[in-house]
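# Geometric and topological summary
Residue-level listing of the chains:
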Amino acid sequence: MNIEIADHLNLVRLTINRFKYKPPAGMDAEDLFQIGCMGLMKAIEKFDPSLNFKFSTFAVFRIRSELSRVLRYYKREKRREIRTVQIDQKVKDTGALLLEVITDHHSFEEEVINQERIEEAMRIEPLITRYLMSGYTQKEIGEKMGITHQRVSKRIVDMRKKLMA
């Protein structure tokens with residue numbers, strides 16, 4: 001089965017419009033379209049017609065996944081960039097050394113609050129918290145605990161809700 005990208009470009013536009021993807025600041029609609037096209041290309045590479053799925057169903061999933069992944073990465077990098085600019089500006093404004101600004105940025109009170117949150121997380125989900133702090137991924141935690149990574153993710157979300165309450 002030979003699938004052409006040009007035949008399915010409207011599927012990218014349809015997916016962007018149907019799921020109401022909006023470009024964040026610093027990105028335009030054409031960038032979203034290009035990201036969607038990358039998802040379409042991945043769908044073409046990985047599509048297996050023997051599984052009896054329609055290509056469009058499979059492609060929409062891949063396009064959405066690619067859009068979500070890139071937008072999540074973009075927003076994370078944007079926050080990191082903003083934080084860096086704020087610290088740089090504070091160094092310029094105060095004439096302080098960078099080390100002093102970073103030390104002030106993470107105050108003793110914040111460290112105490114973080115420690116309390118860790119202790120609370122250990123009380124709610126001790127095993128998962130211990131694995132997360134050791135650097136395991138959700139998939140690895142699931143394998144160690146004998147549950148799916150989706151279940152691990154759900155338990156982490158529930159734990160975060162309890163911590164934020």
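First, a word on what this report is: a plain description of the structure on this page. (Residues numbered from 1 in each chain as written. Predicted model: local features only at pLDDT ≥ 70, side-chain atom pairs only at ≥ 80, totals over all residues. Heavy atoms only, no water.)

For helix α6 (residues 126-133), every residue scored as buried is listed here: I128, T129 and Y131. Here the buried residues of α6 occupy an arc of 165° about the axis, which is enough to place them on one side. Note on α6: the residue one or two positions beyond its end, G135, has a positive phi of about 95°. (Buried < 20%, exposed > 50% of the residue type's maximum accessible area, 1.4 Å probe, protein only. Helix = DSSP H or I, 4+ residues; strand = E, 2+ residues; numbered from the N terminus. Arc of directions from axis to C-beta.)

To continue, consider the packing of aromatic side chains. Within the structure shown, the criterion is met by 3 aromatic pairs. A centroid spacing of 5.3 Å and a plane angle of 80° characterise the contact between Y131 and Y136, whose relative ring orientation is edge-to-face. Y136 gets classed as partly exposed once you look at its relative accessible area, which sits at 31%. Members of the aromatic cluster, joined through ring pairs, are F47, F55 and F58. One cation-aromatic arrangement involves R64 over F19; the distance from NZ or CZ to the ring centre is 3.8 Å. (Phe/Tyr/Trp six-rings, centres within 6.5 Å; stacked < 30°, edge-to-face > 60°. Lys NZ or Arg CZ within 6 Å of the ring centre and 35° of its normal.)

Turning to the nonpolar core, a few remarks are in order. In this structure, V12, I16, L32, F55 and L67 are the most contacted members of the largest nonpolar core, which totals 20 residues. Broken down by secondary-structure element, the contributors of at least two residues to this core are α1 (9-18), α2 (29-46) and α3 (55-94). Top contributing element to this core by residue count: α3, with 7 residues. Judged by nonpolar contacts, the second largest core, of 5 residues, contains Y131, I141, V152 and I156. (Core = buried A, V, L, I, M, F, W, Y, C linked by side-chain atoms within 4.5 Å.)

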